[in-house]
Amino acid sequence: PHEVPWFPQDIDHWNARWVAMHLIEELSRHAGHADIIRESLDGATMYELMAANEEWPETDFIKRWRPSAEVR
């Protein structure tokens with residue numbers, strides 16, 4: 001719809017590839033924002049969460065995430 005301000009005036013439609021890539025880009029951007037908020041709340045990085053979820057063996061570099069004993 002050319003009457004909406006965000007629609008480019010030089011094209012008539014978006015192709016499916018552009019829409020799919022735009023959705024992936026937007027979802028990944030917002031998932032990253034949510035991850036920053038989550039990390040600030042529980043202190044866990046993605047690797048610690050993956051190690052806990054998939055039960056990776058602990059190493060000097062990666063420890064499994066465990067919830068703290070304190071209740072917030």
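One can find the structure itself at the top, above this paragraph.
Now for a look at the structure at hand.

**Focus: the overall build of the protein chain**
Along the protein chain, the regular secondary structure elements total 2 helices and 0 strands. Against the globule reference of 11 Å for 72 residues, the protein chain gives a C-alpha radius of gyration of 20 Å, more extended than a compact globule. A principal-axis box enclosing the C-alpha atoms of the protein chain has dimensions of 55 × 30 × 15 Å. Across the 72 residues of the protein chain, 6% fall into the buried class. Here the analysis covers contacts within the protein chain between residues at least 6 apart in sequence; of these, 3% occur between residues at least 24 apart.

**So, unusual backbone geometry**
Although it is not a glycine, Glu55 adopts a positive phi angle of roughly 55°. You can see Glu55 is positioned in the segment after helix H2 (46-53).

**Re the packing of aromatic side chains**
Counted by the stated rule, this structure contains 1 aromatic pair. Ring plane angle 15° and centroid distance 4.8 Å describe the contact between Trp14 and Trp18, whose orientation is recorded as stacked.

Scoring rules and cut-offs
- Each chain carries its own residue numbering, running from 1 in the direction its sequence is written.
- Since the coordinates come from a predicted model, pLDDT governs what is reported: local features require at least 70, and pairs of side-chain atoms require 80 or more to be given and counted, while whole-chain, interface and lining totals use all residues.
- No hydrogens and no water enter the side-chain calculation; it runs on all heavy atoms of the structure.
- Counting from the N terminus, the helices are the DSSP runs of H or I reaching at least four residues and the strands are the DSSP runs of E reaching at least two.
- As a reference, a globule follows 2.2 Å times the number of residues to the power 0.38, and the radius of gyration itself is taken over C-alpha atoms.
- Between buried and exposed lies partly exposed: a residue is buried under 20% and exposed over 50% of the maximum accessible area for its type, with that area taken using a 1.4 Å probe on protein chains only.
- Contacts are assigned to residue pairs that have any heavy atoms within 4.5 Å of one another.
- Stacked, tilted and edge-to-face pairs are distinguished by plane angle, under 30 degrees for stacked and over 60 for edge-to-face with tilted covering the rest, among Phe, Tyr and Trp rings (Trp via its six-membered ring) whose centres lie within 6.5 Å.

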